[in-house]
Amino acid sequence: MRRFQSSGVLGLFLMCMAAAMPVYAAETAQQIVISKAQLDAVAIQTAMPTPLTASQDGTLTLRGTAVAAPGAQVAVSLPEDVLLTAVLQGNLIEVKAGQAVVRLSSPVFVQLQRDLVDAASAHAMANRDLQRDQALFKDGLIPKVRLDRTQQAAIQANAADQAARQRLKLMGVPASQIESMAAGHLAADWVVPAPRSGQITGLESAVGDHVSAGKVLFSVLDPKALELRLYTDPANATRVRAGQRVTMEGCPQAGTVIGVGSSIEAGSQSVVVRAALKGDLGQTCVRVNQIVSAHLQLDKSDSSQAGAATSRFSVPSSAVVFQSGKNWLFVQNEKGFQALSVRKVADADDKAVIELPVSAAKGLQNARVATRGIALIKAAWQGMGVAE
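Residues numbered from 1 in each chain as written. Predicted model: local features only at pLDDT ≥ 70, side-chain atom pairs only at ≥ 80, totals over all residues. Heavy atoms only, no water.

Colleague: Quick question: what am I supposed to make of the sheet that holds strand β11 (residues 198–201) here?
Modeller: What holds strands together in a sheet is hydrogen bonding between their backbones, with the strands either parallel or antiparallel. Within the open sheet, the four strands sit side by side as β6-β13-β11-β8. Their pairing is antiparallel. What marks the edges here is a single partner per strand, and that holds for β6 (73–77) and β8 (94–95). For β8 and β11, the ladder comprises two bridges, and the chain directions are antiparallel. Paired with E94 across the bridge in β11 is Q199. (Pairing = 2+ DSSP bridges. Helix = DSSP H or I, 4+ residues; strand = E, 2+ residues; numbered from the N terminus.)

Dropping the structure here:
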């Protein structure tokens, strides 16, 4: 936000305006001539309007950020404290599912292997007992109650075996190595593979570090699985629906709207719009956390209701001035400021949404509007004789 330093007073400023400013009578715009020297004598701050829509072609332009889609990122953490003995793949490296990422060791790991061997052996014995008693019962040599007890023992042994395997799986041990351990081939350490194909992120620990239980060891992100998190003003939110087509510069047919927020975010006073990207466009067009500008193709009914050739902008509420039954913005230009008539369609906290014809909106592209020092500009403007 720009600020013009002030050391003058309002009376002197208005006297200069009365002598130097011609009147430009117009219904929707009026020029207020202010020289650079006069600007230096007053305190005026300006800000750039944020474009929200351009409904002439039936589209709604929204700004937002590219984020990882749900399920695009998988985090790896362990239930026990471990020692990081080797980093095999670092951050930002592309890996395939099952590819080794880190090597670990832990005293707990040895005990878990012993528990697996005991459980696997007991399970195998319980299965042999069950097969024997099934054969004996079939020949009528044992009662049904004995077979029931043997079946129950086999079920319990199987549960203990599976629990031992799952504990090792939670430690990140590959399934092939777990099978080898169950056969009695124990190891002093183990490697943790990537749970999916993608890019390694979040690997903050170094070799020799003790990684505490529950801490994220690393994550794997699919850079292709992205979506857009866009923001719209409450007035436009009713025009956005799931299924609407979304495009971006350089990404034709980039995706579709998949969700519209039912509430307003407290900080931005905006409604969140989620848009899914199609195919591999997420990798070729945008990256995670990239700021984007997306165009939503509105339904025909919403386009017609928006009015002919109008554009909407978000501006600080302090920039909107009510005068002579209309709302105005003071747009900075080479001659000073232009009073531009606008229609205020929404106002929340410190932000306002204004609408004006596309022809007039061209003057707001890359322009700045006054947000502080409004009283000085308005006083000078009224002294010129504003057309009612």
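Further notes follow.
Colleague: Is there a simple way to think about the sheet that holds strand β10 (residues 190–193) in this case?
Modeller: Strand order in the open sheet formed by four strands is β10-β9-β7-β12, and the pairing between neighbours is antiparallel. The open sheet has two edge strands, β10 and β12 (210–211), and neither has a second partner. The pairing of strand β7 (residues 82–87) with strand β9 (residues 100–105) spans four bridges and is classified as antiparallel. Paired with A86 across the strands is R103, a residue of β9.

Colleague: Looking at this model, I keep getting lost on helix α4 (residues 144–170). Mind explaining?
Modeller: Spacing of three or four residues puts side chains on the same side of an α-helix, whose turn is 3.6 residues. Over its 27 residues, α4 runs 39 Å from end to end, which matches the ideal 39 Å to within 8%, given 1.5 Å per residue. Among all positions in α4, only L147, T150, A154, A157, D161, A164, R165 and L168 are buried. Along its buried surface, α4 packs onto α3 (107–138) and α5 (175–182). Positive phi shows up at G172, right after α4, with a value of about 85°. (Expected span 1.5 Å × (residues − 1). Buried < 20%, exposed > 50% of the residue type's maximum accessible area, 1.4 Å probe, protein only. Contact = heavy atoms within 4.5 Å.)

Colleague: Where do I start with the side chain of Q31 in this structure?
Modeller: Along the chain, the position of Q31 falls in strand β2 (residues 29–33). Among the polar contacts listed, one links the side chain of Q31 to the side chain of N333, at a separation of 2.8 Å. A polar atom in the side chain of Q31 sits 3.1 Å from the backbone oxygen of F337. (Polar contact = N/O pair within 3.5 Å; in protein donor to acceptor, adjacent residues only side chain to side chain.)

Colleague: Just checking my understanding: could you explain α3 for this structure?
Modeller: For α3, with 32 residues, the first-to-last C-alpha span of 47 Å sits near the 46 Å given by 1.5 Å per residue. Along α3, the residues classified as buried are F109, L112, Q113, L116, A119, A120, H123, A126, L130 and D133. In this fold, the buried residues of α3 make contact with α4, α5 and β10. Capping of α3 at its N-terminal end is provided by S106; its side-chain oxygen lies 3.2 Å from the backbone amide nitrogen of V108. A positive phi of about 80° marks G140, the residue just after α3.

Colleague: Would you explain the environment of R229 in this entry?
Modeller: By secondary structure assignment, the location of R229 is in strand β14 (residues 226–232). Residue classification places R229 among the partly exposed residues on the basis of a relative accessible area of 32%. In this structure, R229 is in contact with G64, T65, V67, E265, V272 and V273, ignoring residues within four places of it in sequence. A distance of 3.0 Å separates the side chain of R229 from the side chain of Y231, its partner in a polar contact.

Colleague: Explain the environment of V101 to me, please; I cannot follow it from the model alone.
Modeller: Tracing the backbone shows V101 in strand β9. Using a relative accessible area of 0% as the deciding quantity, one classes V101 as buried. Each C-alpha atom of the pair V101 and F218 lies 8.9 Å from the other, and the pair is 117 residues apart in sequence.

Colleague: Sorry, what's going on with the confidence of the model for the protein here?
Modeller: Interpreting fine coordinate detail is not advised for predicted regions of low pLDDT. Summing up the model confidence of the protein, the mean pLDDT is 83 and the portion of residues at 70 or higher is 83%. Every residue in residues 1–26 is under pLDDT 50, and counting partners more than four places away or in other chains gives 61 contacts. Across residues 304–308, confidence stays below pLDDT 50; counting only partners more than four residues off in sequence or on other chains, it has four contacts. (pLDDT = per-residue confidence, 0-100.)

Colleague: Honestly, the nonpolar core in this entry has me stumped. Any pointers?
Modeller: Among soluble globular proteins, nonpolar side chains are generally buried collectively. Core analysis: the biggest nonpolar cluster contains 29 residues, and V102, L104, L168, V173, W190 and F218 have the highest contact counts within it. Among the elements of the structure, β7, β9, α3, α4, α5, β10 and β13 (216–221) are those that each provide at least two residues to this core. Among the elements that take part in this core, α3 stands out by supplying five residues, more than any other. Look past the residues within four positions of L168 in its chain and what remains in contact with it is F109, L112, L116, V173, I178 and M181. (Core = buried A, V, L, I, M, F, W, Y, C linked by side-chain atoms within 4.5 Å.)

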